[in-house]
Amino acid sequence: MGKTVTTYLIDADPKGTQYVFISNKICQMYVIPRSNLSILNERTELQTPAFYILLGEDEETKPKAYIGETENFRERVRDHDNKKAFWQKALLFISKDAAMTKADVQYLEHKAIAEAKVSNSFVLNENKQTPKVPNLPEYRKDDMDEFFEDVKFLTSFIGCNIFDIAQPKEEHLFFTKGRGCNAKGFYHSKGFTVLKGSTIVSSSVPSFKWKDKREKMLNEYTHSYNGQLVLNTDTTFNSPSTAADFCIGSSNNGWLVWKDKDGNTLNSVYRKQLE
């Protein structure tokens, strides 16, 4: 079943402030660049209980985020503006019927931090702990669980993968053993995911272009076992070639080096499927 998603550019700028919502749903997401925080003075609906995510870049291997909740984002963000340098954009989630309470947004914060840590696609080092679950009536937990599903959909809709967990299909697994690695993964709409347990080549060839970043990723995502580097967690890359480069430590055409159990290349399975 399809969905209708409405995006409204408040200042007519595709990179500026906007709000996004799913038809017939109460979850509304505001996307607010840090340079546009003055909008908080103009919109009273943004001064109500809200769940939010601050997004920015990290100098290591992946982007950085901070997840929080507040009764009034306008007042809360003043502190973040003074004390948190990393963020460049805020995602603010409110209820279109203004019915959410402090306990509701605390529940959303709890779920969001827990699921973002499972996804492991963003650095969350400023969220030191997962907060405890607030005491909500059963019916309200169900409401907020449904609200959070819309939160995950909307964040993914704008290209933020903080909650995304790619699920492999067994028949679509692909493998590579270049330079002695033994890696497996699968291709999907967000890129190529290399699966936990894959063995990764520890060295890279002299001509490898992103050696320093690869070294940081190896330190963060792998552990040593029987003299080999083993991937600790499922790791998604933007393209099959980048995934192959990481595993093998050299430049590769991922469409050709990833092959399924029958020896079919990724290229023959996906790129030629309409021929």
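As the structure is a computational prediction, the values presented were derived from the model and not from experiment.

J.: Please set out the sheet that holds strand β11 (residues 222-225) residue by residue, giving values where relevant.
T.: The three strands are arranged β10-β12-β11 in an open sheet whose pairing can be described as antiparallel. Because the sheet does not close on itself, it has two edges, and the strands there are β10 (199-200) and β11. With four bridges joining them, β11 and strand β12 (residues 228-231) adopt antiparallel strand pairing. Bridge assignment links H223 to a residue of β12, and that residue is V230. This element, helix α4 (residues 211-221), spans β10, β11 and β12 of the sheet and lies at about 70 degrees to β11.

J.: Describe helix α5 (residues 240-248), listing the residues and the values that go with them.
T.: By the criterion of burial, α5 is predominantly enclosed, with eight of the nine residues buried. If you check which residues of α5 are buried, you get P240, S241, A243, A244, D245, F246, C247 and I248. Positioned one or two residues after α5, G249 has a phi angle of 80 degrees, which is positive.

J.: Summarise unusual backbone geometry; cite the residues concerned and give the values.
T.: A positive phi angle, close to 60 degrees, is found at N120, a residue other than glycine. Note that N120 resides in the loop between α2 (102-119) and α3 (138-157). In this structure, R179 takes a positive phi of about 55 degrees despite not being glycine. With respect to the helices, strands and loops of the structure, R179 is situated in the loop between β7 (174-176) and β8 (183-188).

J.: Go over the pattern of salt bridges with me, naming the residues and quoting the values.
T.: Scanning the model with the defined rule gives 19 salt bridges in all. Across the pair R34 and D81 runs a salt bridge whose closest N-O atoms are separated by 2.9 Å. A residue pair is termed long-range when its members are at least 10 positions apart, and R34 in the loop between β3 (27-33) and β4 (50-56) and D81 in helix α1 (residues 73-83) qualify at 47 residues. Exposure remark for D81: the relative accessible area of 36% places this residue in the partly exposed category. Within this structure, K25, E146 and D150 form a network of salt bridges that share partners.

J.: Lay out the pairing of strand β9 (residues 191-194) with the relevant residues and their values.
T.: Sheet topology places β8 next to β9; four bridges connect them, and they run antiparallel. Counted as the bridge partner of Y187 is F192 from β9. The antiparallel hairpin formed by β8 and β9 contains two residues in its connecting segment. Summarising the sheet, β9 and strand β13 (residues 235-237) pair through three bridges and their orientation is antiparallel.

J.: How would you summarise the packing of aromatic side chains if you had to cite specific residues and measurements?
T.: Inspection of every chain in the model, using the stated rule, returns 14 aromatic pairs. Taking 5.3 Å as the distance between ring centres and 40 degrees as the angle between the ring planes, the aromatic pair formed by Y8 and Y19 counts as tilted. Placement of Y8 in strand β1 (residues 5-9) and of Y19 in strand β2 (residues 18-22) is noted, with a sequence separation of eleven residues between them. Looking at Y8, the relative accessible area reads 41%, which means it is partly exposed. Overall, Y19 belongs to the buried group, its relative accessible area being 18%. Measuring from ring centre to ring centre gives 5.0 Å for Y187 and Y270, while their planes differ by 70 degrees; the resulting arrangement is edge-to-face. With Y187 in strand β8 and Y270 in helix α7 (residues 266-271), the pair connects residues that are 83 residues apart, well separated along the chain. The exposure class of Y187 is partly exposed, given its relative accessible area of 26%. Through successive ring pairs, a cluster of aromatic residues spans Y8, Y19, F21 and Y30.

The rules behind the values
- Counting restarts for each chain, with residues numbered from 1 along the sequence as it is written.
- Per-residue local features are limited, in this predicted model, to residues with pLDDT of at least 70; the limit for side-chain atom pairs, both in listing and counting, is 80 or more; totals at the level of whole chains, interfaces and linings are taken over all residues.
- To obtain the side-chain values, all non-hydrogen atoms of the structure were included, while hydrogens and water were left out.
- In this description, strands pair whenever DSSP reports at least two bridges between them.
- Runs of E in the DSSP output that reach at least two residues are strands. Runs of H or I that reach at least four are helices, and both are numbered from the N terminus.
- Contacts: residue pairs with any heavy atoms within 4.5 Å of one another.
- With axes taken as lines fitted to C-alpha atoms, and helix axes fitted only over the stretch in contact, angles between N-to-C directions fall between 0 and 180 degrees.
- Partly exposed describes any residue whose relative accessible area lies between the buried limit of under 20% and the exposed limit of over 50%, with all areas from a 1.4 Å probe on protein chains only and scaled to the type maximum.
- Counted as salt bridges are all cases of a side-chain nitrogen of Lys or Arg within 4 Å of a carboxyl oxygen of Asp or Glu.
- Any two of the Phe, Tyr and Trp rings considered here, Trp counted by its six-membered ring, make a pair once their centres fall within 6.5 Å; the pair's planes then place it as stacked at under 30 degrees, edge-to-face at over 60, or tilted in between.

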